[in-house]
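# Fold and geometry: a report
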Amino acid sequence: MSKLIQYVDKVANDIQFSGTIHVKSSEGITTKSYGYSNRAERIKNQTNTRYGIASGCKIFTSIAICQLIDAGKLSFDTTLNQCLDVDFPYFDENITVHHLLTHTSGVPDYFDEDEMDDYEELWVSIPMYHIRSLKDFLPLFKNMKMKAEVGSSFSYNNAGYILLGLIVEKVSGYVFGDYIQKYIFQKEGMEDSGYFEMDGLPERTAFGYIEKPNGDWKTNIYSLPVKSASDGGAYVTARDMALFWDALMNNLLLSEDMTDQFLKRRIHVDDDIYYGYAGYMQVMENKTIKHILMGYDPGVNFRFVHYPATSSTIVVCSNKSEGAYEILKKIEDVLV
């Protein structure tokens, strides 16, 4: 691993990377941190620093849904209107759990990446500090018209995962974050992970930093909803994400049959990239080469890959808006 770290150190220095890497391969396990969790106080990132991972945590929502299906409380064919007592005047009645999981529901998104470049723009007219529960997101999209037909091609959709989180709450009786804490994080020893509020973060949590035009830095506290939600924003350590994936692969979160279904490709996205209940995956010659998780928010950059053939896992968490992909690519260049 020493050669790998030398390569990563150079790239990290070149791009002024701030974050933590965790690598598990046939050569062993290594974790290393760079930069600062608190720039003003010059507190360095550590191997047990907690980072926001934006959409990287959609997989927790997907796991929760599949656990409820495992328990016979839902099915992939259950429709949205069978789950929620919410009036969606323009939503198609044929939207199912499967459609929501695979971004093929056609529902309107509260953050439409085709129309809005910067997530911060969303909060110009809407106070982000009011968004503390999943139902607080509903006014942002529930009265909008469908964006596409149900079952149409893949179109990444955050609102769909808010709806899935609301389904988890309705069916389980738990507040969404509490459900994930009990049935995923606590179950697998992910002691440092959680759904936190940005104005009440626990110890060892990195502030997310955004570079200003003049080269100075600001935190992302006014750029994101105050409470992490079912479409993104949970906080984890790099090590916890590796623990999570190990638990998934060893059928500790889902039944063996459900795990198999969870890891299958479902929807073609582009070239050799597909999407399934477990997120993105690269598929070549009918074989999954790697599973891919990623997350981007202002002041947040997250990348994760797992190679089934070698059981290698790479986790890169950053508390800046960029840098995780560059670090991941260098690690892949060395290991793969």
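So, here's what we can say about the structure. Worth saying up front: this structure is predicted, and the values here are computed from it rather than measured. (Residues numbered from 1 in each chain as written. Predicted model: local features only at pLDDT ≥ 70, side-chain atom pairs only at ≥ 80, totals over all residues. Heavy atoms only, no water.)

Time to look at the pairing of strand β9 (residues 267–270). Bridging between β9 and strand β10 (residues 273–276) involves 3 bridges; their strand directions are antiparallel. The residue bridging His268 from the neighbouring strand is Tyr274, located in β10. (Pairing = 2+ DSSP bridges. Helix = DSSP H or I, 4+ residues; strand = E, 2+ residues; numbered from the N terminus.)

This next bit is on the packing of helix α2 (residues 58–70) against helix α5 (residues 158–172). Direction vectors running N to C along α2 and α5 enclose 40°, while the axes themselves pass 10 Å from each other. Here α5 runs oblique to α2, going by the angle between their axes. In terms of crossing hand, the pair formed by α2 and α5 is left-handed. Note on element contacts: α5 touches α2 through Asn158, Tyr161, Leu164, Gly165, Ile167, Val168, Val171 and Ser172, opposite Lys58, Thr61, Ser62, Ala64, Ile65 and Leu68. Taken together, the residues of the contact of α2 with α5 sort by class into 8 nonpolar, 5 polar and 1 charged. (Axes fitted to C-alpha atoms, helices over the stretch in contact; angles between N-to-C directions. Parallel < 35°, antiparallel > 145°, perpendicular 65-115°, else oblique. Left-handed = near helix turned anticlockwise from the far one by under 90°. Contact = heavy atoms within 4.5 Å. Nonpolar A, V, L, I, M, F, W, Y, C, P; charged D, E, K, R; others polar.)

Moving on to the packing of aromatic side chains. Throughout the structure, instances matching the rule amount to 17 aromatic pairs. A centroid spacing of 5.2 Å and a plane angle of 40° characterise the contact between Phe154 and Tyr275, whose relative ring orientation is tilted. A residue pair is termed long-range when its members are at least 10 positions apart, and Phe154 in the loop between α4 (97–101) and α5 and Tyr275 in strand β10 qualify at 121 residues. An identical accessibility class is assigned to Phe154 and Tyr275; each is buried. Seen from their ring centres, Phe176 and Tyr195 are 5.4 Å apart, and the 90° between their planes marks the pair as edge-to-face. Pair noted here: Phe176 is in helix α6 (residues 176–185) and Tyr195 is in the loop between α6 and β6 (209–211), with a separation of 19 residues, a long-range link. When the ring centre of Tyr90 is taken as reference, the NZ or CZ atom of Lys145 above it lies at 5.8 Å. Of note, Lys182 hangs over the ring of Tyr183, and the distance from its end group to the ring centre comes to 5.6 Å. (Phe/Tyr/Trp six-rings, centres within 6.5 Å; stacked < 30°, edge-to-face > 60°. Buried < 20%, exposed > 50% of the residue type's maximum accessible area, 1.4 Å probe, protein only. Lys NZ or Arg CZ within 6 Å of the ring centre and 35° of its normal.)

The values reported here are purely geometric and, on their own, carry no functional implication.
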